[in-house]
There are 2 protein chains.
Amino acid sequence: MMNTPLILTSFIQRAERYFPNKMIISRTHDKIHRLTYREYIKRTRKLASALTSLGMKEGDKIGTFAWNHHRHLEAYFAVPCSGAVLHMINIRLSPEHIAYVINHAEDKLLLVDEDLVPLIEQIQDRLSTVEAYIIMTDKEELPKTKLHPAYSYEELLKKGDETYAFRDDLDEETPAGMCYTSATTGNPKGVVYSHRGIYLHSMALGLADSVALTEKDVVMPVVPMFHANAWGLPFASVWFGATQVFPGPQMTPAIIAQMIQDEKVTMTAGVPTIWLALLQTLEKEKYDISSLRGIVCGGSAAPIGVIKAFEEKYKVPFIHGYGMTETSPIVTLSTITSEMEQVKGEDRFRLLSMQGLVVPGLEIKVVNEQGEVPWDGKTMGDLIVRGPWIANEYYKDERTEEAFRDGWLYTGDIATINEYGYIKITDRTKDLIKSGGEWISSVDLENALMSHEAVYEAAVIAVPHEKWQERPLACVVLKDEYKSTITKEDLLQYLQPQFTKWWLPDDIIFIDEIPKTSVGKLLKRALREQYQDYYYSVSE
Amino acid sequence: MMNTPLILTSFIQRAERYFPNKMIISRTHDKIHRLTYREYIKRTRKLASALTSLGMKEGDKIGTFAWNHHRHLEAYFAVPCSGAVLHMINIRLSPEHIAYVINHAEDKLLLVDEDLVPLIEQIQDRLSTVEAYIIMTDKEELPKTKLHPAYSYEELLKKGDETYAFRDDLDEETPAGMCYTSATTGNPKGVVYSHRGIYLHSMALGLADSVALTEKDVVMPVVPMFHANAWGLPFASVWFGATQVFPGPQMTPAIIAQMIQDEKVTMTAGVPTIWLALLQTLEKEKYDISSLRGIVCGGSAAPIGVIKAFEEKYKVPFIHGYGMTETSPIVTLSTITSEMEQVKGEDRFRLLSMQGLVVPGLEIKVVNEQGEVPWDGKTMGDLIVRGPWIANEYYKDERTEEAFRDGWLYTGDIATINEYGYIKITDRTKDLIKSGGEWISSVDLENALMSHEAVYEAAVIAVPHEKWQERPLACVVLKDEYKSTITKEDLLQYLQPQFTKWWLPDDIIFIDEIPKTSVGKLLKRALREQYQDYYYSVSE
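Residues numbered from 1 in each chain as written. Chains lettered and ligands numbered in written order. Predicted model: local features only at pLDDT ≥ 70, side-chain atom pairs only at ≥ 80, totals over all residues. Heavy atoms only, no water.

**Details of helix α9 (residues 253–263) of chain B**
Next up, step 1: Here α9 of chain B has its buried residues at I255, I256, A257, M259, I260 and E263 of chain B.
Next up, step 2: Where α9 of chain B terminates, the next one or two residues include K264 of chain B, which has phi positive at roughly 55°. (Buried < 20%, exposed > 50% of the residue type's maximum accessible area, 1.4 Å probe, protein only. Helix = DSSP H or I, 4+ residues; strand = E, 2+ residues; numbered from the N terminus.)

**Details of the relation of the copies chain A and chain B**
Next up, step 1: Of the transformation superimposing chain A on chain B, the axial component is 0.0 Å and the angular component is 180°, with the fit at an RMSD of 0.1 Å. Accordingly, the operation relating the two chain copies is best matched by a two-fold axis. Minimal C-alpha distance to the rotation axis in chain A is attained by L207 of chain A, lying at 2.1 Å.
Next up, step 2: Most of the interface of chain A is mirrored in chain B, where 100% of its interface residues are also at the interface. (Least-squares fit on C-alpha atoms with pLDDT ≥ 70 in both. Contact = heavy atoms within 4.5 Å.)

**Topic: the interface of chain A and chain B**
Next up, step 1: Across the contact, 61 residues belong to chain A and 61 residues belong to chain B.
Next up, step 2: Summed over both partners, the interface of chain A with chain B comes to about 4900 Å²; 56% of that surface belongs to carbon and sulfur atoms.
Next up, step 3: Broken down residue by residue, the surface that chain A buries against chain B is led by M1, M2 and Y18 of chain A, which jointly contribute 19%.
Next up, step 4: Of the charged contacts in the structure, one is a salt bridge between E372 of chain B and R17 of chain A, with a shortest N-O distance of 2.8 Å.
Next up, step 5: Of all the secondary structure elements, the ones that give two or more residues to the side of chain A that touches chain B are α1 (9–18), β9 (189–194), α7 (195–206), α8 (233–240), β16 (357–358), β17 (363–368), β19 (381–386) and β21 (408–417) of chain A.
Next up, step 6: With seven residues, α7 of chain A is the single largest residue contributor to the side of chain A that touches chain B.
Next up, step 7: Of the residues that constitute the side of chain A that touches chain B, the class distribution is 34 nonpolar, 14 polar and 13 charged. (Buried area = accessible area lost by both parts, 1.4 Å probe. Salt bridge = Lys/Arg side-chain N within 4 Å of Asp/Glu carboxyl O. Nonpolar A, V, L, I, M, F, W, Y, C, P; charged D, E, K, R; others polar.)

**Overview of the state of the cysteines**
Next up, step 1: Counted under the stated rule, the structure contains zero disulfides over all chains.
Next up, step 2: Looking at C179 of chain A, it has no disulfide partner, and the nearest cysteine sulfur is the one in C81 of chain A, 16 Å off. (Disulfide = S-S within 2.5 Å.)

**Structural notes on the side chain of S442 of chain B**
Residues and elements named next belong to chain B.
Next up, step 1: With respect to the helices and strands, S442 occurs in helix α14 (residues 442–450).
Next up, step 2: Classification of S442 by relative accessible area gives buried; the value is 0%.
Next up, step 3: Ignoring sequence-local partners within four residues, the contact set of S442 consists of T426, D427, D431, I433, V460 and K524.

**Some details on the sheet that holds β9 of chain A**
Residue and element names in this part refer to chain A.
Next up, step 1: Spatially, the seven strands line up as an open sheet ordered β7-β6-β5-β3-β4-β8-β9, and their pairing is mixed. Either end of the sheet is taken by a strand with one partner, and the two such strands are β7 (150–152) and β9. Looking at each pair of strands side by side, their axes are set apart by 25° on average, direction ignored.
Next up, step 2: In this structure, strand β4 (residues 85–88) lies alongside strand β8 (residues 175–181), joined through two bridges in parallel fashion. Its bridge partner lying in β8, H87 is registered against M178.
Next up, step 3: The strands touched by helix α3 (residues 70–78) within the sheet are β3 (61–65), β4 and β6 (132–136), with β4 carrying the most contacts at an inclination of about 145°. (Pairing = 2+ DSSP bridges. Axes fitted to C-alpha atoms, helices over the stretch in contact; angles between N-to-C directions.)

**Some remarks on helix α11 (residues 304–313) of chain A**
Residue and element names in this part refer to chain A.
Next up, step 1: Burial in α11 covers these residues: V306, I307, F310 and E311. Buried residues along α11 cover an arc of 120° about the axis, so they all sit on one side.
Next up, step 2: Tucked inside the fold, the buried residues of α11 contact α10 (272–284), β13 (294–297), β14 (318–323) and α12 (345–352). (Arc of directions from axis to C-beta.)

Right, dumping it as structure tokens:
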């Protein structure tokens, strides 16, 4: 067979050749941009030539610090298709961590959204490798900034060469992108994506048994483009020639609903928090979201009530999945196989609320000290993954050793696996509650709490306990309209029939908000720290 | 990223793990076998161990000489997943060519269907590398045969080890399979498929924008398993865990219709001749083929009438494609993109009758002396292809040089390309008619003739002509019921409004049958030889 390399250049070349009239719709601060792929690719070639003029060379790291919009998508291809590496910086990290990841990756150029410039200005002095800043803005002239040297994105593009030739001679193992993932403690850990990895992951997204992404789709990634490549959707969408919609910096539920309605979005993706908020907006205001053929949801477990509301009330299939920065990210999806088609009603929703079946191309196992756990849907174990779009290390980081063992990635997630091979994440290794030597799943308790009509969000944490070592404590945010009417006894009574007695939280406290990580996951560590003395103090 | 090799072992391991209860239905001479994947994979492991006992080693070529059935599928994985190479021998080659391909590939073992044993017996003396013959039969004892040494397939399996471990450490470039393709003159040419090539081709078959093969499908390859890996369907089907139906040695239209009805086949694939014959059967007898969600058709151009009949009368989508042994084989498919969705009626059928759009992963061009031809749907040129599942040579064959140039495969087909990037095969390079220095497409004339209700099949050939160098001659097979009523004037009159005058055949002759190649393509060479003096003789 020909030794054609699996590289991203082939994606953009295909789009340019076959889908020049398809659209990219991009919402920025000021307006909605509508570009044809023809225009988009011209601009992408110009960007590549401009970055090259500024010194970008093969293997250089180029950072982006930006929301979801067409300029970010231009960088998505301009950088890797020139042989350089796109570092998508998580804008929600702390200033210390932002400085750390830029220095650790050794970013040479930074592309920064205008409204995010202040965040970089305050750490500029600490950046040791950045040679220039490019401000992404709709304005043609350079906005006022302390960043130096700074260039206007659009001015650079004006001087760029629209005939710039992308590299089609790259080795498929060439690094194409990188993202850093937050660690429980210490600095974020870097993950490098190769052209080959992104190529195969994109193919997986197009499989009929997976997301079935197609040219006919109108794809809107709500998941940020700095979060695991926006789950790979922008790469695959360019390859297949799908219409793309980028919601920009103000990702409010109302704007998301409006864009789904206006642009007839067929496929969107994001974390559960987004879909919970969207449901609330849909309750209050009327939007037509019937164009959606699927919502991909991952990042953390979606409450069964959210899945049900989309499936039953809005007739929108809800594709629940599992992945992480280290896995490009798609690992599993809750696709209903032919053998499961007879499962109906509540049981079906229970299946959909699991993380599902591994996509073709990857291998997963759930293991404990005895090896693979039985497929009983009960026994918990460590979820491990391997395959061609799974990282094999953290970039220049000694924490590699802990997570990558014997050719497998240890995800740090605890899962069960049922008779169909469907996995269910029951906890993060670090969030498990170990009561009297037995494991309690905080996620199961949270999901049960969140299925109560009064509960907006819930986090269940392990709190030290004299007798049982650890006991569960439930932290609950009530919906506004229930704040004065619901008591903890109501909720405990609601949980009682669903769990064995010793699983039930010893206490339920009501709080106003659950702290979240930069990518919208529950930040249980903060709660644990806050409440570590709780069961001692209450028992006093 | 992890350097996980793209190998077939991962396909069968996935099926074993997640789809042990899915079915493989296989029709042999004597009965219909129903195996679960669990049983199938056990048998496949046993076969691999049995072949290893008989001396199969890494890199050895193992030949199959067989119809479409479960034993052939067992060989499809047992051989490559042990590191050896599966040589799928075309049973329809001449005895000389069969002997040639076995010797040229250096097959060490041959797996032969019982009813095909006589074909091998007559050439046994000429086979220089074969060390043993394995007879594939439902009978447990060895049938009487002159082949020596000969073993019974089922007896070998009985002794096989069902825990045999497939190789998961193979390099992805390892040869997995090979097929020979007939040449216009001379011996067949060998094509070697790597694990990587078959893996990526399988992914392409699963893409929503391609065949969208899924676990939910019931796949029946009517295309022989010795013809370009049955278009890769058995490999991809095992990977995705699809139900598979193998029609066995008696592939009559009635049996095909019956199996579609009985097994609720959703996806089938084969050459136009098959579908033409199936339509005739459906006219005469009632079968329910409504389970079909698609018919993949390739090998040669499908007449527009056949496409129309399936789409309009039977509501079965007809997926017209293009490929060849050298291309694994999928290159293009007539998938209707979103931009084409407004095309309706006859124009839509004209689109569907084209070979379509290149699938993601490959590149095609239509070139003439001036470079790429304009996308006008008119200008003809050579179709060239490249990509990771395209052969880069003929196996140990000096004809490599002619077909593989500058990194591209020269397909030997002449095509046009329209505004959407849709290709249409207008001829084989060698079948083009050059009249007065201008090209006439024999395929266009054939399709027009075949759209006439009285015409069963048609071949248009170039016949030497004193004045114009070459002129078209149409050879037509009429449907039985029209044999006495239709004249050549009727047909010429029918063609007249559709073509410029000089394209019209100078004569139309009625024949009883059109000679075909071993894979069902029109054998125009034979007609050309027969009629080479026709325009001299008629003008005398």
